[in-house]
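This is what each chain is made of:
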Amino acid sequence: MRRSVAAFGVLALACGCTAQAVEGGSARPPSAPASSAGAPDDAKPSGSAEPSAPADSTAPSASATAAPPKTLWASGDRGEEVRELQARLRQVAWLFDGPTGTYGESTTEAVKGFQGKRGLPRTGRTDTVTWQRLLKMTHEPNRDELYASGGQPPAKPDPRCMQGRVLCISKTSRTLSWMVDGKRLMTTDVRFGSQYTPTREGVFQVYFKSRHHVSTIYHTPMPYAMFFSGGQAVHYSSDFAARGYAGASHGCVNVKDEGKIASLFGQVRNGDKVVIYW
């Protein structure tokens, strides 16, 4: 992998036939036209006319031979194309979960809803017809739309992350990588401060750890806090876990995966380096 509801659009087809009335219940074939005195030189002699070939009643109709729409993606598929599909479904308000790149139950139901609203078979599979309709109604998702709930591949490590024990944090990919001597051991999604309370950039050190910390300024929980600059810390955020990137921190580096931050908290020591970069 890509997320205003369109109106119903139903195409109705109708056909009709006409019959010629016959007087008196018995029909006579129309009279043959009188022979012309000057018949053309290439006219066939009487009795030698070739019968016309009978219509092939077994020939399939055009609709019968038309190939069915090809399925592009269905339940269980994974990848960046599925992520784009999810981002586009979010644009037309048929999918509310952030793109994951995995075609699961919520994506299947979103596709069914989109198909039914437009008179298409409600298969839940994204076929060529469904995809073309969705393309016409949406724009190409940008990076933030594709990764609205995280999942971006980690950015290339900053050169300052390549030696020692480092919390290597990229604002571009919104990821934190735990690196030891240039080897990436763990990566997790992170969230930063807003424009009014930005997360500082540069090279720092972890100077204080607090497992059950509560902010003395905002009076909010900061579990697994690892402070690196003033009051800014890497810590677990239940708000990030619930709202994703719809919110922001007060300058801290928020982690939404509690299992990963718990593991990280157990490995990081005071004095370990923190690098925050674009």
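Counting restarts for each chain, with residues numbered from 1 along the sequence as it is written. In keeping with the predicted nature of the model, local features appear solely for residues at pLDDT of at least 70, side-chain atom pairs appear and are counted solely at 80 or more, and the whole-chain, interface and lining totals rest on all residues. As a rule here, side-chain values come from all non-hydrogen atoms in the structure, and water together with hydrogens is ignored.

1. A closer look at the packing of helix α3 (residues 105-117) against helix α4 (residues 128-137)
In step 1: To define axes, lines are fitted to C-alpha atoms, for helices over the stretch in contact only, and angles between the resulting N-to-C directions are given on a 0 to 180 degree scale. A helix here means a DSSP run of H or I that spans at least four residues, while a strand means a run of E at least two residues long, and both kinds are numbered starting from the N terminus. Where α3 contacts α4, the two axes come as close as 11 Å, and the packing angle between them is 85 degrees. As summarised for this structure, α3 and α4 are arranged roughly perpendicular, according to the angle between their axes. In this structure, α3 contributes V111, F114 and Q115 to the contact, and α4 contributes T130, R133, L134 and M137.
In step 2: Residue polarity is assigned by list, with Asp, Glu, Lys and Arg as charged and Ala, Val, Leu, Ile, Met, Phe, Trp, Tyr, Cys and Pro as nonpolar; anything else, Gly included, falls into the polar class. Of the residues that constitute the contact of α3 with α4, the class distribution is four nonpolar, two polar and one charged. In these notes the angle categories are as follows: under 35 degrees is roughly parallel, over 145 is roughly antiparallel, 65 to 115 is roughly perpendicular, and the rest is oblique. The contact criterion used throughout is that any non-hydrogen atoms of two residues lie within 4.5 Å.

2. Quick look at the packing of aromatic side chains
In step 1: Two aromatic rings, drawn from Phe, Tyr or Trp (for Trp, its six-membered ring), form a pair once their centres lie within 6.5 Å of each other, and the interplanar angle then sorts them: stacked below 30 degrees, edge-to-face above 60, tilted otherwise. In total, this model carries six aromatic pairs according to the counting rule given.
In step 2: Arranged with centres 5.4 Å apart and planes meeting at 50 degrees, the rings of F204 and F228 form a pair that is tilted. One end of the pair, F204, is in strand β6 (residues 202-205); the other, F228, is in strand β8 (residues 221-229), with 24 residues separating them in the sequence. Accessibility classification places F204 together with F228 in one group, the buried group.
In step 3: Ring plane angle 65 degrees and centroid distance 5.2 Å describe the contact between F240 and Y245, whose orientation is recorded as edge-to-face.
In step 4: Under the relative-accessibility criterion, F240 is labelled buried at 1%.
In step 5: Grouping aromatic residues by their ring pairs yields a cluster made of Y207, F208 and F227.
In step 6: Between the NZ or CZ atom of K209 and the centre of the ring of F265, over which it lies, the distance is 4.4 Å. Categorising residues by exposure relies on relative accessible area from a 1.4 Å probe, with only protein chains included: less than 20% of the type maximum marks a residue as buried, more than 50% marks it as exposed, and the intermediate range marks it as partly exposed. Put simply, a charge is over a ring when the Lys NZ or the Arg CZ is close to the ring centre, within 6 Å, and near the line of the ring normal, within 35 degrees.

3. Topic: the nonpolar core
Looking at soluble globular proteins, one finds that nonpolar side chains tend to be buried together.
In step 1: Counting residues in hydrophobic clusters, the biggest one holds 22 residues, and the most contacted among them are L167, I169, V234 and L264.
In step 2: Looking at this core, the elements with two or more residues in it are β3 (165-170), β4 (175-180), β5 (183-191), β8, β9 (232-236), β10 (253-255), α7 (258-267) and β11 (273-277).
In step 3: Those residues within four positions of I169 in sequence are excluded, and the remaining contacts are T175, L176, V190, F192, V234, V253, V274, V275, I276 and Y277.
In step 4: Formed by 12 residues, the second largest nonpolar core is a distinct cluster that contains L85, L89, Y103 and F114. For this analysis, a nonpolar core means a set of buried residues of the types Ala, Val, Leu, Ile, Met, Phe, Trp, Tyr and Cys, connected via side-chain atoms within 4.5 Å.

4. Notes on α3
In step 1: The length a helix should cover is 1.5 Å for every residue beyond the first. With 13 residues, α3 ought to run about 18 Å at 1.5 Å a step, and its terminal C-alpha atoms sit 18 Å apart, in line with that.
In step 2: Those residues of α3 that sit buried are T107, T108, A110, V111, G113, F114 and Q115.
In step 3: Where α3 is buried, its residues meet α2 (80-91), β2 (126-127) and α4.
In step 4: One or two residues past the end of α3 sits G119, with phi positive at roughly 70 degrees.

5. Quick notes on the packing of α2 against α4
In step 1: It is at 10 Å that the axes of α2 and α4 come closest, and there the two elements cross at 55 degrees. In terms of orientation, α2 and α4 fall into the oblique class. Crossing of α2 against α4: the hand is left-handed. For the pair formed by α2 and α4, the contact residues are E84, L85, R88 and L89 on the first element and W131, L134 and L135 on the second.
In step 2: Taken together, the residues that form the contact of α2 with α4 break down as five nonpolar, no polar and two charged. By convention the crossing between two helices is left-handed if the near helix lies anticlockwise of the far one by an angle smaller than a right angle, and right-handed if it lies clockwise.

6. Description of the pattern of salt bridges
In step 1: For this document, the term salt bridge refers to a Lys or Arg side-chain nitrogen within 4 Å of an Asp or Glu carboxyl oxygen. Scanning the entire structure with this criterion turns up 10 salt bridges.
In step 2: Among the salt bridges present, the one from D158 reaches R160, with a minimum N-O distance of 2.8 Å.
In step 3: Judged by relative accessible area, R160 falls into the partly exposed class, the value being 36%.
In step 4: Through salt bridges with shared partners, a single ionic network connects R143, D144 and R174.

7. Observations regarding the side chain of H235
In step 1: The topology assignment puts H235 in strand β9.
In step 2: When near neighbours in sequence (up to four residues on either side) are disregarded, H235 contacts P221, M222, P223, Y224, A225, C252, V253, N254, V255 and I261.

Worth remembering: the numbers are spatial, not functional.
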